[in-house]
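Coordinate analysis (summary)
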Amino acid sequence: MSISKYYKSLTIYGWQEPYFGQEGGYIPRAKFKGLIQPPAGRTFTSLTQVNSKDTANIAAILFCSEKQKFEPKDIIADVSGTKYKIFDDSNSMQKDGITGIKPKRGQHAEYKLVYFQEAI
């Protein structure tokens, strides 16, 4: 059974640098199909204080094609308008499925997401 049958339309907002007097900011860059799965029992988490520093908690997991590419500052929005940022970690992307389950090769990729609270 493929997870792709549960995919919905998601939007990528990319960061545009200021240019000759134009303001910088997030602009819609692309649409793609994917599934955002928040942890069970919660819709999202936010930053928490750990050793007097803001530390991001994982808010959700994004399932999408492993061919989908993201830029470091990209914001992902679902149809309800909830926004997420890909967790900035060298291990944020996992290919081919959930740990401990042998998937079909090339089935999907998973990204750790954190809730994005700022306006775009």
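Okay, so let's go over this structure. (Residues numbered from 1 in each chain as written. Predicted model: local features only at pLDDT ≥ 70, side-chain atom pairs only at ≥ 80, totals over all residues. Heavy atoms only, no water.)

1. A closer look at the overall build of the chain
Across its full length, the chain carries zero helices and nine strands. Overall, the chain shows an N-to-C arrangement of helices and strands of β-β-β-β-β-β-β-β-β. Residue burial in the chain is summarised as follows: out of 120 residues, 30% are buried. Residue pairs in contact within the chain that sit at least 24 positions apart in sequence constitute 60% of those at least 6 positions apart. Of the roughly 8,300 Å² of accessible surface on the chain, 52% is carried by carbon and sulfur atoms. (Helix = DSSP H or I, 4+ residues; strand = E, 2+ residues; numbered from the N terminus. Buried < 20%, exposed > 50% of the residue type's maximum accessible area, 1.4 Å probe, protein only. Contact = heavy atoms within 4.5 Å. Areas by Shrake-Rupley, 256 points an atom, 1.4 Å probe, with all protein chains shown as cover.)

2. Looking at the pairing of strand β9 (residues 109–115)
A regular strand carries its side chains on alternate faces of the sheet. Counted residue by residue, β9 has five buried out of seven residues, so it is predominantly covered. Where strand β5 (residues 60–64) lies against β9, five bridges are found, and the strand directions are antiparallel. Pairing of A60 across the sheet is with L113, part of β9. Direction of pairing for strand β7 (residues 83–86) relative to β9: antiparallel, over a ladder of three bridges. Within β9, the residue paired with I86 across the bridge is L113. (Pairing = 2+ DSSP bridges.)

3. Some remarks on the pairing of β7
Here strand β6 (residues 75–77) runs beside β7; their pairing, made up of three bridges, is antiparallel. Across the sheet, the residue bridging to I76 is Y84, located in β7. Connecting β6 to the next strand, β7, in antiparallel fashion are five residues, including G81 with a positive phi near 95°.

4. What to know about the nonpolar core
Core analysis: the largest hydrophobic core is formed by 15 residues, its most contacted members being F32, I36, L62, F70, I76, Y111 and L113. Mapped onto this core, the elements with two or more residues apiece are β1 (8–16), β2 (25–37), β5, β7 and β9. (Core = buried A, V, L, I, M, F, W, Y, C linked by side-chain atoms within 4.5 Å.)

5. With respect to the pattern of salt bridges
Applying the stated rule across the entire model yields two salt bridges. The shortest N-O distance in the salt bridge between E17 and K73 comes to 3.7 Å. Note that E17 is positioned in the loop between β1 and β2 and K73 in the loop between β5 and β6, a separation of 56 residues in sequence. A relative accessible area of 41% places K73 in the partly exposed class. A salt bridge links D74 to R29; the nearest nitrogen and oxygen atoms lie 2.2 Å apart. Within this pair, whereas D74 is found in the loop between β5 and β6, its partner R29 is found in strand β2, the two being separated by 45 residues in sequence. The class of D74 is buried, set by a relative accessible area of 2%. With relative accessibility at 42%, the residue R29 sits in the partly exposed group. (Salt bridge = Lys/Arg side-chain N within 4 Å of Asp/Glu carboxyl O.)

Read these as geometric descriptors, not functional statements.
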